[in-house]
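Commentary on secondary and tertiary structure
Below, each chain spelled out in residue letters.
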Amino acid sequence: MNAIFDPHVWAAVPFHFWSVMFFALGTIVGSFLNVCIYRMPLGFSVVSPPSFCPHCRYSIPFYLNMPLVTWVVLGGRCKNCKAAISLRYFMVEMLTGLLFLWVWQVFGHKAPALAPAYWLLLSGLLVATFIDLEYFIIPDEITLGGILAGLVVSIILPGLHHTSARMEGFRLAMLGALVGGGVVYGILRLGKLLFGRQKMVFPPGSRVLFTETALHLPDREIGYEDLFYRQTDTIHFHAHSLELADRGYKNVLVRLSSSKLQIGDESLKPEDVPFLDAECSEIILPREAMGLGDVKFMAAIGAFTGWQGALFSLMLSSMIGASVGVALILMRRREWSSRIPYGPYIAIASLVWVFWGRMILGFLFPS
Ligand SMILES: [Zn+2]
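Every value quoted in this text rests on a predicted model; they were computed, and no experiment measured them.

Rules and cut-offs
- Residues numbered from 1 in each chain as written.
- Predicted model: local features only at pLDDT ≥ 70, side-chain atom pairs only at ≥ 80, totals over all residues.
- Helix = DSSP H or I, 4+ residues; strand = E, 2+ residues; numbered from the N terminus.
- Buried ≥ 20, exposed ≤ 12 C-beta atoms within 10 Å, placed from the backbone.
- Contact = placed C-beta atoms within 7 Å.
- Core = buried A, V, L, I, M, F, W, Y, C linked by C-beta atoms within 7 Å.
- Domains from an automatic or database assignment.
- Expected span 1.5 Å × (residues − 1).

Notes on the overall build of the chain
For the chain, the helix and strand inventory stands at nine helices and 10 strands. For the C-alpha atoms alone, the extent of the chain along its principal axes is close to 80 × 60 × 40 Å. Per-residue burial over the chain gives 33% buried out of 367 residues. The long-range fraction of contacts in the chain, counting pairs at least 24 apart against all pairs at least 6 apart in sequence, stands at 66%.

Section: the nonpolar core
Formed by 61 residues in total, the largest nonpolar core has its most connected members in Leu122 and Val127. Listing elements by their share of this core, those giving two or more residues are α2 (15–39), α4 (87–107), α5 (115–135), α6 (140–156), α7 (166–195), α8 (292–330) and α9 (343–364). There are two domains that each give this core at least three residues, and those are domain 1 (11–98) and domain 2 (111–191 + 292–367). Residues Phe237, Leu261, Ile263 and Ala278 belong to the second largest nonpolar core, which totals 15 residues.

Digging into the environment of Thr213
Looking at the secondary structure, you find Thr213 in the loop between β2 (207–210) and β3 (214–216). The exposed category is assigned to Thr213, around which 9 C-beta atoms lie within 10 Å. Along the primary structure Thr213 and Tyr224 are separated by 11 residues, whereas in three dimensions their C-alpha atoms are 6.1 Å apart. Once residues within four sequence positions are removed from consideration, Thr213 is found in contact with Gly223 and Tyr224.

Considerations on α2
In this model, α2 (25 residues) spans 36 Å end to end at C-alpha, consistent with the 36 Å of a helix rising 1.5 Å per residue. Of all the residues in α2, the buried ones are Phe22, Gly26, Thr27, Val29, Gly30, Ser31, Leu33, Asn34, Cys36 and Ile37. Where the residues of α2 are buried, they touch α4 and α5.

Overview of the domain arrangement of the chain
Here the domain parsing of the chain yields domain 1 (11–98), domain 2 (111–191 + 292–367) and domain 3 (198–285). Each of domain 1 and domain 3 was reduced to a C-alpha centroid, and the two centroids are 39 Å apart.

Some remarks on α4
The end-to-end C-alpha separation of α4 is 30 Å, in line with the 30 Å expected for 21 residues at 1.5 Å each. Within the sequence span of α4, burial applies to Tyr89, Phe90, Val92, Glu93, Thr96, Gly97, Leu99, Phe100, Leu101, Val103, Trp104 and Phe107. Close packing links the buried residues of α4 with α2, α3 (69–73) and α5.

Here is the structure:
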């Protein structure tokens with residue numbers, strides 16, 4: 001067992017043979033990540049049933065399920081119904097293959113045993129990025145699962161935290177998770193105090209839905225856990241028309257907090273109203289760019305990278321976010337910025353930490 005962690009054994013095998021193998025492994029993992037990206041936000045199991053075409057439900061036989069190759073051979077179409085299969089499937093497989101290869105090139109010589117740990121981390125970052133971009137959420141499987149994975153991996157491979165003692169690895173992973181999650185949580189609380197709320201404007205005739213778990217806006221969905229933190233957090237809007245399960249209203253002001261729903265002069269308990277469908281052209285939300293999902297996401301990253309990696313990723317992500325904001329203003333596309341979630345910035349910043357973090361720290365703080 002120890003032999004596979006012994007660098008000398010690995011050095012005996014041609015390095016580039018493994019480069020090719022690990023690229024291929026990456027594309028296979030990538031095709032699984034595609035399944036996660038598609039199914040996790042919809043609440044489907046990622047293990048069964050096997051891959052199927054999202055259009056016609058045609059179950060894809062294993063011999064057709066070759067990463068990269070299948071998509072190219074079939075010209076990006078389903079073999080059965082000929083519906084276009086998103087380029088994203090090919091991109092994610094390619095990207096995962098390249099990331100696996102890159103990790104191997106960087107860590108393969110000095111610390112080959114760490115490669116799987118970074119593969120795991122980068123796979124999680126990739127899934128989180130694609131889901132967050134589309135749904136504005138990062139599923140708990142990724143964030144809470146990531147925290148757990150980071151803690152376990154740190155015990156198995158304490159070298160991730162530059163120590164050889166397993167308990168020390170676990171302690172540093174815990175510290176990283178607490179610092180990462182804690183700082184984002186602090187920023188979130190502070191942001192609520194400073195900025196309070198956010199107004200969103202929609203085209204005339206737009207509808208917003210309130211279901212039992214989330215607010216559905218025309219362009220995204222926000223879970224209530226990201227909207228209501230404090231008793232005073234309130235959503236308000238003027239509804240041109242409003243429908244509940246058993247009655248309707250016209251031209252009313254609506255105020256909703258975690259404990260109270262006010263429609264005009266009427267007060268209701270939110271738990272008695274399972275569903276609300278409103279036509280409105282603007283809504284005021286108690287919310288900023290980051291949500292509780294980012295707290296858990298940052299904690300997961302901290303469990304892998306330690307507190308330095310967590311703080312580094314956070315600082316760099318805010319710089320990337322600010323640069324993108326400025327670029328969008330220069331491109332006169334400011335309205336796009338409200339459609340970019342924060343998770344992908346964190347993911348890119350963490351990737352920078354994995355490959356160049358120590359080098360950058362050494363440059364900033366020469367010892
Ligand atoms: Zn099909």
